[in-house]
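Observations on the three-dimensional arrangement
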Protein chains: 2
Amino acid sequence: MALVVAMMLSSAIGKASAGNERMQEISEYIHEGAMAFLYREYKYLAAFVIVVAIIISIFLSVSTAICFICGALFSICAGYLGMTVATKANVRTAEGARSGMSEALKIAFSGGAVMGLGVVGLGIAGVALAYFIFDSNMDIVTGFGLGASSIALFARVGGGIYTKAADVGADLVGKVEAGIPEDDLRNPATIADNVGDNVGDVAGMGADLFESYVGAIVSALTLGIVAYPGGEGIEFVFMLAGCSIIASIIGVMFARTSKSQDPQAALNNGTYIGGVLVICAAAYLSNNLFDSFNAFFAIAAGLIVGLLIGKITEIYTSADYGSVKRIAQQAETGHATTIIAGLAVGMYSTFWPMLLICIGVIISFFVMGGVAKPDMGLFGISLAAVGMLSTTGLTVAVDAYGPIADNAGGIAEMSELPPEVREITDKLDSVGNTTAAIGKGFAIGSAALTALALFSAYAHTVELKTIDLLNPVTLIGLFIGATLPFVFGAMTMESVGKAAYEMIEEVRRQFREIPGLLEGRATADYRKCVDISTAASLHEMMLPGVLALVAPLAMGFLFGTEALGGMIGGALAAGVLEAILMANAGGAWDNAKKYIESGVHGGKGSEAHKAAVTGDTVGDPFKDTSGPSMNILIKLMTIVALVFAPVLAANGGILLNLFT
Amino acid sequence: MALVVAMMLSSAIGKASAGNERMQEISEYIHEGAMAFLYREYKYLAAFVIVVAIIISIFLSVSTAICFICGALFSICAGYLGMTVATKANVRTAEGARSGMSEALKIAFSGGAVMGLGVVGLGIAGVALAYFIFDSNMDIVTGFGLGASSIALFARVGGGIYTKAADVGADLVGKVEAGIPEDDLRNPATIADNVGDNVGDVAGMGADLFESYVGAIVSALTLGIVAYPGGEGIEFVFMLAGCSIIASIIGVMFARTSKSQDPQAALNNGTYIGGVLVICAAAYLSNNLFDSFNAFFAIAAGLIVGLLIGKITEIYTSADYGSVKRIAQQAETGHATTIIAGLAVGMYSTFWPMLLICIGVIISFFVMGGVAKPDMGLFGISLAAVGMLSTTGLTVAVDAYGPIADNAGGIAEMSELPPEVREITDKLDSVGNTTAAIGKGFAIGSAALTALALFSAYAHTVELKTIDLLNPVTLIGLFIGATLPFVFGAMTMESVGKAAYEMIEEVRRQFREIPGLLEGRATADYRKCVDISTAASLHEMMLPGVLALVAPLAMGFLFGTEALGGMIGGALAAGVLEAILMANAGGAWDNAKKYIESGVHGGKGSEAHKAAVTGDTVGDPFKDTSGPSMNILIKLMTIVALVFAPVLAANGGILLNLFT
């Protein structure tokens, strides 16, 4: 049903006018660049998936390998669908903006909704198929989750490096050195920059949430069959997922047909309607299947925690609140104080989201009677994850709407559309910035809960009785695990630097070597810039990717399943903290810069503005590369542990056994 | 014995010439400022100690409260002794530099050695007294450790805020705005800046290591009596501590009488000789008392890990290696890339120290036969901490030598001594910068091992069977615990900002309102600046201090001893990581700036230099305030848990009991 609606929306977008020739040409560049990235990525992916599938076939089973491949393929389909439609919707949104706000909003949001419905539709269809084909053997079905995770690694980490390399290259050489405005076709990196918005914010974010969505359902199924051997648990999970999709479709329709001139209100209303419908469905199903409202409470706890984390993200990163204003004020005393203030905001901002996640965990565990029956409690935690992710369709739709609106603005600028069109796309874009920040908070929260649920599923599968910090082997697992997000963050930050450096060199070369480019008499070689970003990002993501995959296996095989449990616990805690810190510090710096540009503290061009630009530049890899990569790290490590649980349980702890 | 040698060294320093009148006047300003800080601090401390002592008397016992007060008093004595001698030794080092390098080194290092021997002498004397008076009741003796921790909180956190507020105030208004050189008496904040070196780097660092030293011994005693009910464990700990003191005295004498023109070699040789002697003593004692070398291996593991962590710190923060050079190179592309590069170095640099700590833990646990007998293994971990801290006397001596040499340089500059004198003090100072960086690494490593040992002692005292991460209450303990260092770091970073702001305003006011000050015809009001730094630092440290004290108690009382165990585990992991990140990023930025000042990448005044200054300014609160404060946070939280263990074991988990 979700996929049918997605197809309908997609064809509706296709029917809208794609504007004049120039617009179509630019849109074609972006589309082509995005597809070039995807195809190159697929080549790497194919090699990667084959190698991992062989490893899985040898150590686990061929069935698991098949599930793994399916998980990867389904995620790729969702990403391909979303990217194709997004790169179609952008130019049509720009064209739609000629007829007014509501038409533009309708197209942009429809584009996002295709991605959103694609993610949930393919996610649930894939898990359900795997579950029924492999006869409810969860050891095998978890392979699907690992497949989804692998794609998320490529899309989110690689995409994050791509988008920032292009962004920095376009800004530093184009805006700063050559002095030409943003979104100007004379800049060779401008197409890569616009492609980056799609690659990072549409495909990357979509794959991230696809992974969370699948992970939450897989863990709920694993733990559900333990809690309710009669199958009511499984039934509840599938039925709720189905209802959530219907709720998402209704929410999408609401937001899409809104005649409001305020796009923020339209998006919010759609999300709230979807959320309320999910809550109602959860109450009904919980009462019908379990004769109690306990499961409903667990679902509601997750859903509400997700919404609150989004709201808190907004408070720390929006210029309407104190934190961003304080950073802007500190920009008056220079670059260093701007950085310190932003880091402090990021560090402070970890507290409430972490507390909310803890409250969500505790409520969902206790309400299911986890004290007396731990199995029920762990199922409760996975239900909280399912609850938080029940609005995924809407969240992805709202989130993917942002880069479409951003691209539409870029196309309007590059094709020199009238200023009133640009005004509408600017308005859509600024709403997109807020929704993007909230979406990031939501992605972190859902990654945390999903990883927790997968962690519980792992512990159950390897039949751990405890993960005991009094055991020094577990304790060092925790320590090493907590170190990984720091090392991973350093790697991805340096990767952006290296990739951006190559891009800068290329843009400079083109300005130097293509005669008449700066005067607008020649066309830049956009393809070359797209190529560089693509190659660099895929190359640079290898090392962190290998780290995320190999570290849990190494720990498990050398020191055993309990040490691996400690490692995941440590990585989870530190990874979530780093993710929140980086996302919020980055968002706050970004908006502090925009706040100063609005005219306060000296406005654009002032010393304070320069300092704020420094903050924003530091924040770019924080919020768009390293921060979001943490989500992938923690989920990927956990699902690797879960998938390899059977072989680890049998053969883990080689080094430990030598000592004992 | 250590105290006698300290007294002898102190009187030898007192006999050295204090130079001309001007030098004595300046030295008097610094001494007065340092004492003003100490006395004001003591007032706050007195109130704090009385309140906590009353709480302890009510909830635990009067004996514990007495131990607590004694721990505080002994730490205060060590700090007072060290500060008094350091502020005497600085001017005499400057005067000694007139007769050459070896005389200057002798005085500066003797000054440091008084602090070093004071710390170990008072530490072991205090614990031994408490142990014998209270009849080996470790529940009571741990109070001594809490006392030491409380002073460390004031000295390290308050001192860290003090020193950076003064530093930033002196630099920003004096150097940048008014354009007068560093260490110029026309700058009203210059005395406060020099006082800050003593307050932060002598008293703060001394109290930090006093806390570690006492904490390591207290935990080794607690676990030693469990492992060896016959008392050999206790005997080993006390005898090894005694031998370490003798080894330290011999090492001090070696370094002090070195005729080498290379101060670094003299300091290194002293440290190595001390280390080798401790190793020999450990082997002899281990074989004699236990008929095996197991305890020796545990001690050696700790000692070697400590030395290696120091070496790794040097690799990441010295301009002789790649990391600092990479930051300097990134400074060419601006402020933002400098910050990103420094943060990446800091994040990377967490890996090896963490791995070494883990290896130390594992070796000391396994070598004592911890697999079969966990009690023995936990005793082994505490022995590793004792081993690492066995060279504390020397480490503190070498570390405290730094600010004395730094001060001596300042006094030489302010009293306009001949350039050849300044050359010698510069050489001494630059060696001091390296030793300070290594000392920071050592302080973090020892804090981590001490906290781990205290953590084991806590678990034993509350009779925890497990600290099980599969229990969601423990897991949320871990999450909240890991969040605390982030919040604590944000608080201390903002505190530096606020305190520095007040200082900046005051210096500006004096330049504005005191006629003839900038021309050198009037004297600045140094006292007022000292006052501001003092008041602001003590005021600003309250909130983070309360957080560190209250958080573990709240967790224990509300959610029980196991959740508290999880919290400590999380705080420990995240706190050590943050401490390493901040110390190394700060040190690397500092040396990248100095490296550029040496003439590369455009040298002083270039754009790269400006970017490097930004890095250094961000790094200042990192390495001198927030980073070192993490050491205190993790130890203080753990010892609070240990001291209140009896009452938590009986009454903890109120909220949890409501649910169950």
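For the structure, check the block above.
Every chain is numbered independently, its residues counted from 1 as its sequence is written. Chains and ligands are labelled sequentially in the order written, the chains with letters from A and the ligands with numbers from 1. Under the rules for a predicted model, residues below a pLDDT of 70 receive no local features and side-chain atom pairs below 80 are neither given nor counted, while totals for whole chains, interfaces and linings still include all residues. With hydrogens and water excluded, all non-hydrogen atoms of the structure serve as input to the side-chain values.

1. A closer look at empty space enclosed by the protein
We apply this condition: Buriedness of a pocket was judged along seven lines, with at least five required to meet protein on both sides within 12 Å; pockets are open sets of points on a 1 Å grid over the protein atoms alone, cavities are sets where a 1.4 Å probe fits but cannot get out, and lining residues have an atom within 4 Å of a point. Grid points are joined across faces, edges and corners, and a volume is the space filled by probe spheres set on the points. Elements are defined by DSSP. Helices are runs of H or I of four residues or more, strands are runs of E of two residues or more, and each kind is numbered from the N terminus. As a working rule, the residues Ala, Val, Leu, Ile, Met, Phe, Trp, Tyr, Cys and Pro are called nonpolar, Asp, Glu, Lys and Arg charged, and the rest polar, with Gly in that last group.
Following the criterion strictly, the structure yields 15 cavities of 30 Å³ or more and no others. Reported here for the largest cavity is a volume of approximately 160 Å³. Around the largest cavity, the lining residues are Leu343(A), Met347(A), Glu578(A), Leu581(A), Met582(A), Phe622(A), Leu343(B), Met347(B), Glu578(B), Leu581(B), Met582(B) and Phe622(B). Secondary-structure elements contributing two or more residues to the lining of the largest cavity are α11 (335–348) and α18 (542–597) of chain A together with α11 (335–348) and α19 (561–597) of chain B. Residue classes in the lining of the largest cavity are distributed as 10 nonpolar, no polar and two charged.

2. So, the interface of chain B and chain A
Inclusion rule: Residue contacts follow a heavy-atom distance rule, with two residues in contact if any of their heavy atoms lie within 4.5 Å. In this description, buried area is defined as the sum, over both parts, of the accessible area (probe of 1.4 Å) that is lost when the two are combined. Note on definitions: salt bridges are taken to be side-chain nitrogens of Lys or Arg within 4 Å of carboxyl oxygens of Asp or Glu. Two N or O atoms count as a polar contact when they lie within 3.5 Å, although within protein this holds only if one can serve as hydrogen donor and the other as acceptor, and sequence-adjacent residues are included solely when both atoms are side-chain atoms.
The partner chain A presents 65 residues to the 65 residues of chain B that form the contact. Note on chain B versus chain A: buried area summed over both sides is about 6,000 Å², and carbon and sulfur give 87% of it. Considering only the side of chain B, the residues that lose the most area to chain A are Leu470(B), Phe479(B) and Phe486(B), jointly responsible for 12% of the buried surface there. Summed over the shared surface of chain B and chain A, the number is zero salt bridges. Between the two partners, chain B and chain A, sit five residue pairs in polar contact (both at pLDDT 80 or more). Here the side of chain B that touches chain A gets 17 residues from one element, more than from any other, and that element is helix α16 (residues 472–513) of chain B. By residue class, the composition of the side of chain B that touches chain A is 50 nonpolar, 10 polar and five charged.

3. Here's the deal with the layout of surface pockets
All names here are of chain A. Its boundaries defined by the atoms lining it, the second largest pocket holds a volume of some 510 Å³. Lining of the second largest pocket is provided by 21 residues; of these, Asn268, Thr271, Tyr272, Leu307 and Ile438 occupy positions nearest its centre. Within the residue set of the lining of the second largest pocket, elements represented by two or more residues are α8 (263–290), α9 (294–317), α14 (392–414) and α15 (419–461). A total of six residues in the lining of the second largest pocket trace back to one element, the largest contributor, which is α9. Taken together, the residues that form the lining of the second largest pocket break down as eight nonpolar, 10 polar and three charged.

4. What to know about the packing of aromatic side chains
All names here are of chain A. Filter applied, for reference: Note on aromatic contacts: the rings of Phe and Tyr and the six-membered ring of Trp form a pair at centre separations within 6.5 Å, being stacked when their planes are under 30 degrees apart, edge-to-face when over 60 apart, and tilted otherwise. Burial classification: accessible surface area is computed with a 1.4 Å probe over protein chains only, and a residue below 20% of its type maximum counts as buried, one above 50% as exposed, and the rest as partly exposed.
Per the counting criterion, the structure on display carries 32 aromatic pairs over all chains. Ring plane angle 75° and centroid distance 5.2 Å describe the contact between Phe351 and Trp352, whose orientation is recorded as edge-to-face. Relative accessible area serves as the criterion here: at 44%, Trp352 is assigned to the partly exposed category. An aromatic cluster of three or more residues is present, and its members are Tyr228, Phe236, Phe290 and Phe379.

5. With respect to the pattern of salt bridges
Pairing between side chains of opposite charge can happen when the charged atoms of each approach one another. All names here are of chain A. Inspection of every chain in the model, using the stated rule, returns 48 salt bridges over all chains. Two residues, Asp208 and Arg156, come together in a salt bridge whose shortest N-O distance is 2.9 Å. Note that Asp208 is positioned in helix α6 (residues 190–227) and Arg156 in helix α5 (residues 138–178), a separation of 52 residues in sequence. In this pair, the class of Asp208 matches that of Arg156, namely buried. The salt bridge partner of Arg509 is Glu506, with a shortest N-O separation of 2.8 Å. One end of the pair, Arg509, and the other, Glu506, are both in helix α16 (residues 472–513), three residues apart, so they sit about a helical turn from each other. Given a relative accessible area of 25%, Arg509 falls into the partly exposed group.

6. Here we look at the packing of helix α6 (residues 190–227) of chain B against helix α13 (residues 374–388) of chain B
All names here are of chain B. Which entries qualify depends on this criterion: Only the stretch in contact is used when a helix axis is fitted, and all axes are lines through C-alpha atoms; the angle between N-to-C directions ranges over 0 to 180 degrees. Convention used here: angles under 35 degrees read as roughly parallel, angles over 145 as roughly antiparallel, angles from 65 to 115 as roughly perpendicular, and any remaining angle as oblique. The crossing is said to be left-handed when, going from far helix to near helix, the turn is anticlockwise and less than a right angle, and right-handed when the turn is clockwise.
Packing of α6 against α13 brings their axes to within 8 Å, and their N-to-C directions diverge by 155°. Taken together, α6 and α13 sit at an angle that is classed as roughly antiparallel. Pair α6 / α13 crosses with left-handed handedness. Residues Ala216, Ile217, Ser219, Ala220, Leu223, Gly224, Val226 and Ala227 of α6 form the contact with α13, whose participating residues are Asp375, Met376, Leu378, Phe379, Ser382, Ala385 and Val386. A breakdown of the residues in the contact of α6 with α13 according to their chemical character gives 11 nonpolar, three polar and one charged.

7. Quick notes on the environment of Ala300(B)
Residue and element names in this part refer to chain B. Along the chain, Ala300 turns up in helix α9 (residues 294–317). On the accessibility criterion, Ala300 (9% relative accessible area) is buried. With 22 residues separating them along the chain, Ala300 and Val278 place their C-alpha atoms 8.8 Å apart.

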